[in-house]
Amino acid sequence: MKKIFISLSLCLLTMIPSALAQNTTDKDHNFKVAKNMETFSAIYKYLDMMYVDTLNADDVVGGSINYMLRSLDPYTVYYPAEDVKDLDLLITGKYAGIGALIRYDMVLKRVTIDEPYEKQPAAEAGLKKGDILLAIDNIDITNKDTKFVSQHLRGDAGTSFILKVLRPTTNKMMKLKITRRAIQMPAVPYYGLQENGIGYLSLNQFTTDCSKDVRRAFIEMKTQGMQKLVLDLRNNGGGSLQEAVNIVNMFVPKGVTLVKTKGRLERANRDYKTTMEPIDTVMPIVVLVNGETASSSEITSGSLQDLDRAVVLGTRTYGKGLVQVPIDLPYNGSLKLTTAKYYIPSGRCIQAINYKHNKGGYIEHVPDSLTKEFHTLGGRIVRDGGGIKPDIEVKPDSLPNIAFYLASAGQDSTEVMHNWEMKYIKNHPTIGAAKTFSITDADYDDFKQTVINSGFKYDRESKKYLDQLEKLAKFEGYYDDAKPEFEALEKKLKHNLAKDLEFNRKTLKQVLSADLVRVYYYQRGGIENSLQWDKQWQAAIKLLLNEDEYNKVLAPTIAKQTTESHK
């Protein structure tokens, strides 16, 4: 008994310094908070009372709030009352309006319709790409920017207004009565059974109930004879964590822990498990990802990877493993607050290591040598450190520099692509099937000549790099000796627009074709059309048609090493 008492006494003695240290730390922290809050209040009081100009409290204090949050992560954001609707849209994917993408035409100095969404009020009213917006009811919008126009196109569901537009393809003035509706962008803009029994499903956001859409699409394609699936999560920025769990649950057994969230508060700690019986646990699956695949998309792709249930193909994902919750604030404001990190089945957190605003943001993923090693259910090695590293890396074809300039809504001649597309639409009431459509070589020749005649100019990357190299050579004293070579190279790199347009014929035809298809077949048609040139999609097909290669990718690392040692 005496020994037990002594042991307990020693334990208490060792705990006292730790407790005192913690207590001191807490007091120090509270003192610093109180000191800085009091100082801030005093400074603002004197500014408000004595500063030479009248202060705008929303700008000064609101700016201070935003600056404070910038010392944290990029996802903790303050929404004042007038911007709370933006947070609602981010969470639900819903808003009340007409359902159309608008753009500002730099040549016309007007806001125009860029893309009406299928089965939404804008499309049903007959609005088309290129329509010039002139007035909303009695409000003249001919000199307004896209933000102003967007605010007036949106409103309460069920309210109506008269939209005055000018259609450039017919030069006809029209007045259209449009009734606003709750707009829900489709989480699954396109799915369909392709050749060889391979199903394709594009999921572009994790909004409320999107898992039901995925389930319906999967069952429909399976009924049609689907034997393999490609789940496209490229450019999917995430959303609902629960929807990600529901989707993975379609392919893995009930009772599996997919995600654990861990934060400072106990209520932020939670385990997310599959709760339903799956639809299919054996169908081969390839998940397509890229650098814009984030958050819930990474939970989905990472969980399927950790459980060896799918092959992840593409490029490394974004690396967002932080969980946010909305918190109501006084005066109808809201705070989207980061409260936890999430961990997927292997135990790894895929959050990028450097995610603080004040550290410049996360740009490059850390090398594997600085990351921790984890294992999938079957024993394959996976790592943390930022994002999901694909099982098979396939980089997409990059767009040439000229394509960015032609497609951008810049000054004067950079509207040439848009204007040519409007001419094409005017002359073609219909086009071929979305899946195989492509403009002809004659069409492209016409586009090429249109660009040349327009006086279009753009910055060539080769010229930029040559100028930088020339400056560096002069700085280091090498230029004089290499001057003839620099001059010869500059002549070879001389701007030749016709040559550039011909050299990039294939890619620019694809860009133009994809743009036009969206006019006739909306977003779903654009996605379907793009598959015929999609390098990552083609790689996924190739893998799924090679059963041995597919299984080899998912084989445990130890088994792979054993196989290789016997070669």
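Residues numbered from 1 in each chain as written. Predicted model: local features only at pLDDT ≥ 70, side-chain atom pairs only at ≥ 80, totals over all residues. Heavy atoms only, no water.

An unreviewed UniProt entry annotates the protein as C-terminal processing peptidase originating from Prevotella bivia DSM 20514.

Run through the overall build of the protein, naming residues and quoting values.
If you tally the helices and strands in the protein, you get 18 helices and 21 strands. Residues classed as buried in the protein amount to 41% of the 567 residues present. Restricting the contact set of the protein to residue pairs at least 6 apart, pairs at least 24 apart contribute 69%. Of the accessible surface of the protein, which amounts to about 31,900 Å², a share of 55% is contributed by carbon and sulfur atoms. (Helix = DSSP H or I, 4+ residues; strand = E, 2+ residues; numbered from the N terminus. Buried < 20%, exposed > 50% of the residue type's maximum accessible area, 1.4 Å probe, protein only. Contact = heavy atoms within 4.5 Å. Areas by Shrake-Rupley, 256 points an atom, 1.4 Å probe, with all protein chains shown as cover.)

Account for the packing of aromatic side chains, with residues named and values stated.
Remark: the centre distance and the inter-plane angle together describe each pair of aromatic rings, the angle taken between the planes. The final tally for this structure, using the stated rule, is six aromatic pairs. Their ring planes at 35° and their centres at 5.9 Å tell us that Tyr190 and Tyr200 sit as a pair that is tilted. Of this pair, Tyr190 sits in strand E10 (residues 190–193) while Tyr200 sits in strand E11 (residues 198–202), and the two are 10 residues apart along the sequence. On the basis of relative accessible area, Tyr200 is assigned to the buried category, the value being 2%. Between Trp420 and Phe447, the ring centres sit 5.5 Å apart and the planes meet at 75°, which makes this aromatic pair edge-to-face. Of this pair, Trp420 sits in helix H10 (residues 416–427) while Phe447 sits in helix H11 (residues 441–454), and the two are 27 residues apart along the sequence. Comparing Trp420 with Phe447 shows no difference in burial state: the two are buried. Within the aromatic cluster, the residues linked to one another by ring pairs are Trp420, Tyr424, Tyr444 and Phe447. One cation-aromatic arrangement involves Lys262 over Tyr343; the distance from NZ or CZ to the ring centre is 4.8 Å. Directly above the ring of Tyr75 sits Lys320, whose terminal nitrogen or CZ lies 4.6 Å from the centroid. (Phe/Tyr/Trp six-rings, centres within 6.5 Å; stacked < 30°, edge-to-face > 60°. Lys NZ or Arg CZ within 6 Å of the ring centre and 35° of its normal.)

Describe H10, with residues and values.
For H10, with 12 residues, the first-to-last C-alpha span of 17 Å sits near the 16 Å given by 1.5 Å per residue. Of all the positions in H10, only Val416, Met417, His418, Trp420, Glu421, Met422, Tyr424 and Ile425 are classed as buried. Elements that come into contact with the buried residues of H10 comprise strand E3 (100–105), helix H9 (401–407), H11 and helix H15 (505–530). (Expected span 1.5 Å × (residues − 1).)

Now, about the sheet that holds strand E21 (residues 392–393): what can you tell me, with residues and values included?
Read from one edge of the open sheet, six strands run E10-E11-E12-E15-E16-E21, paired in mixed fashion. Across the chains shown, the open sheet's two edge strands, defined by having one partner strand only, are E10 and E21. Against the sheet, helix H8 (residues 296–306) engages strand E12 (228–232), strand E15 (285–289) and strand E16 (311–314), with an angle of about 140° to E15. Against the sheet, helix H16 (residues 535–544) contacts E11, E12, E15, E16 and E21, and its axis sits at roughly 160° relative to E15. (Pairing = 2+ DSSP bridges. Axes fitted to C-alpha atoms, helices over the stretch in contact; angles between N-to-C directions.)

Please give an account of a nonpolar patch on the surface that cites residues and values.
Where nonpolar side chains cluster on the molecular surface, the patch consists of Ile43, Leu47, Tyr51 and Val52 and spans about 400 Å² of accessible area. Within the fold, Leu47 resides in helix H1 (residues 2–50). Judged by relative accessible area, which is 33%, Leu47 ranks as partly exposed. (Patch = residues over 30% accessible without salt bridge, like charges linked within 9 Å, V, L, I, M, F, W, Y side chains within 5 Å. Salt bridge = Lys/Arg side-chain N within 4 Å of Asp/Glu carboxyl O.)

Can you break down the environment of Leu87 residue by residue, with the values?
With respect to the helices and strands, the residue Leu87 is situated in helix H3 (residues 84–92). Judged by relative accessible area, Leu87 falls into the buried class, the value being 3%. Beyond its immediate sequence surroundings of up to four residues, Leu87 is in contact with Tyr79, Pro326, Ser334 and Lys336.

Which residues make up the nonpolar core, and what values do they have?
If you look at the biggest cluster of nonpolar residues, it comprises 41 residues, and the most contacted ones within it are Leu201, Leu203, Leu229, Phe251, Val259 and Val287. Of all the elements in the fold, those that place two or more residues in this core are helix H6 (210–223), E12, helix H7 (241–249), strand E13 (257–263), E15, H8 and strand E18 (334–343). Sequence-distant contacts of Leu203, defined by excluding residues within four places in its chain, comprise Ala187, Val188, Cys210, Val214, Asp232, Leu233, Asn236 and Ile247. Of all hydrophobic cores here, the second largest spans 26 residues; its members include Ile425, Phe447, Val511 and Leu516. (Core = buried A, V, L, I, M, F, W, Y, C linked by side-chain atoms within 4.5 Å.)

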